[in-house]
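This is what each chain is made of:
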Amino acid sequence: MDKSAARAHIKLLSSRGRELLGVEHAILGGAMTWVSERNLVAAISNAGGFGVIACGSMTTELLRSEIRATKSLTSKPFGVNLIVMHPDLLDLIEVCGEEEVGCIVLAGGIPPRSAMRRVKELGASLIGFAPALGIARKLVRDGVDGLIIEGTEAGGHIGPVSTSVLAQEILPNISEVPVFVAGGIGRGEAILSYLEMGAAGCQLGIRFVCAAESIAHPKFKEAFVKGAARDAMPSVQVDPRFPVIPVRALQNEAQKRFVETQHSVIARWRSGELDQKAAQLEIEHFWAGALRRAVVDGDVEGGSMMAGQSVGMISEVQPTSVIISELLEQAEDALVRR
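Residues numbered from 1 in each chain as written. Predicted model: local features only at pLDDT ≥ 70, side-chain atom pairs only at ≥ 80, totals over all residues. Heavy atoms only, no water.

### With respect to the pattern of salt bridges
Enumeration over the complete set of coordinates arrives at 25 salt bridges. A salt bridge links E326 to R207, with the shortest nitrogen-to-oxygen separation between them at 3.0 Å. Taken together, the positions of E326 in helix α15 (residues 320-337) and R207 in helix α10 (residues 206-209) put the pair 119 residues apart, joining distant regions of the chain. The partly exposed category is assigned to E326, whose relative accessible area is 28%. Each member of the salt-bridge network shares a partner with another, and the members are E61, R64, R68, E98 and E99. (Salt bridge = Lys/Arg side-chain N within 4 Å of Asp/Glu carboxyl O. Helix = DSSP H or I, 4+ residues; strand = E, 2+ residues; numbered from the N terminus. Buried < 20%, exposed > 50% of the residue type's maximum accessible area, 1.4 Å probe, protein only.)

### Some words on the packing of aromatic side chains
Counted under the stated rule, the structure contains five aromatic pairs. Between F258 and F286 the ring centres are 5.3 Å apart and the planes differ by 40°, which places this aromatic pair in the tilted class. In this pair, F258 sits in helix α12 (residues 253-270) while F286 sits in the loop between α13 (276-285) and α14 (290-295), placing the two residues 28 residues apart along the sequence. In this structure F258 comes out as buried when scored by relative accessible area, which is 3%. Seen in terms of ring centroids, F258 and W287 are 5.2 Å apart; in terms of plane orientation they differ by 55°. Their pairing is tilted. Taken as a pair, F258 in helix α12 and W287 in the loop between α13 and α14 lie far apart in primary sequence, 29 residues in all. (Phe/Tyr/Trp six-rings, centres within 6.5 Å; stacked < 30°, edge-to-face > 60°.)

### Some points on the environment of E222
Following the sequence through the fold, E222 ends up in helix α11 (residues 218-226). For the pair formed by E222 and G298, sequence separation is 76 residues and the distance between their alpha carbons is 9.9 Å.

### Here's the deal with the pairing of strand β6 (residues 146-150)
A large share of β6 lies buried, amounting to four of its five residues. Judged from the three bridges that link them, strand β5 (residues 125-129) and β6 form a sheet pairing that is parallel. Counterpart to G128 in the pairing with β6 is L147. One crossover worth recording links β5 to the parallel β6 by way of helix α7 (residues 133-141), and it is right-handed. Pairing analysis gives four bridges linking β6 to strand β8 (residues 179-182), with the strands arranged parallel. What sits directly across from I148, in β8, is F180. (Pairing = 2+ DSSP bridges. Right-handed = clockwise from strand over helix to strand, strands pointing away.)

### Considerations on α12
Three or four residues apart is the spacing at which side chains of an α-helix point the same way, because the helix has 3.6 residues per turn. Helix length check: α12, at 18 residues, gives a terminal C-alpha distance of 26 Å against a target of 26 Å (1.5 Å per residue), a fit within 8%. A254, Q255, F258, Q262, V265 and I266 are the residues of α12 that are buried. One face of α12 carries all of its buried residues, which in axial projection span an arc of 115°. Summarising the geometry of α12, the exposed residues directed more than 90 degrees from the buried face are K256, E260 and R270. Summarising the contacts, the buried residues of α12 are in contact with β10 (232-234), β11 (247-250) and α13. At the N-terminal boundary of α12, the capping side chain belongs to N252, with an oxygen 3.2 Å from the backbone nitrogen of A254. (Expected span 1.5 Å × (residues − 1). Arc of directions from axis to C-beta. Contact = heavy atoms within 4.5 Å. Polar contact = N/O pair within 3.5 Å; in protein donor to acceptor, adjacent residues only side chain to side chain.)

### A short note on the sheet that holds strand β7 (residues 156-157)
With antiparallel pairing, three strands are arranged side by side in an open sheet as β7-β11-β10. Edge positions in the open sheet fall to β7 and β10, since each of these has one partner strand only. The sheet contact formed by β7 and β11 spans two bridges and is antiparallel. Note that in β11 the partner of G156 across the bridge is R248.

### Some words on the side chain of T163
Its place among the elements puts T163 in helix α8 (residues 163-170). Side-chain polar atoms of T163 contact the side chain of E153, separated by 2.8 Å. At 2.7 Å, the side chain of T163 and the backbone oxygen of G183 are in polar contact.

### A look at the pairing of β8
Side-chain alternation along β8 places V179 and V181 on one buried face and F180 and A182 on a second face that is also buried. Bridge count between β8 and strand β9 (residues 201-204): three bridges; the pairing is parallel. Counterpart to A182 in the pairing with β9 is Q203. Following the backbone out of β8, through helix α9 (residues 188-197) and into the adjacent parallel β9, one traces a crossover that is right-handed.

That is the geometry; function is a separate question.
Take a look at the structure:
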């Protein structure tokens, strides 16, 4: 197989994903708070992929402003990722509808049917996250147009199951809608392997953190370039009575202090100084603003360095178009070598 045939084969394998997203390459940018904003989102879309705005905790007017700013930088399709626990979820969906966003990703839990129904009424494509086959089937029944399955190798808030196991569990059993694979993907060979397993495309986040167009602080990018896979570890929970949602991040002083803080707060609870609710809130409050401190301010020791295990595959800061071209070339070369 020569390069042109390999390219055509990859296009064929990813045709459902490309058609749903309306893009040249079925590569989605993972929605990373403070990172996946207008500049990076537009750069991914302009390079033929599918950029996704991370709404996070934005207000409706901030989201509207970000959508309009992104449109000023690209005429290509892009989407918006909304967290289902956001108190203004339905209002944010309305903003997406008013601004004619073509694709909405509902993340962070099982989306309420009212939200799903409204997305469909507005004419947007709807993508949901499926951490297990049963949930994937439920989301398909409820009307999603596509699914993302994301393994524990990913950065940020993670589940317990690896990407490869989720792919084997879900891809052979879900054919009604396109399924995109995410978590720990840093090279084109991995993209090819999941396409051949039945995926419609892949979502990558960490590779784009060090894109030239990413507004992440230079110190944040430098830490990612230097980081290895084994540096990206989940946060530690000290006591099951005080649950901590696992977050995968580069190890730094803040991670160490978080463990110390848990021990200190739990000791105060045991002594009667705090009730359980107050202790839980104090533990959760530790990370308030920590991601912004790292990404925007460059506080790489005191902030949260959310990163997936594919961080070890980043060797330099590159333009987004070069990253996507490199991924595609790696996939094509893998086919040619066969």
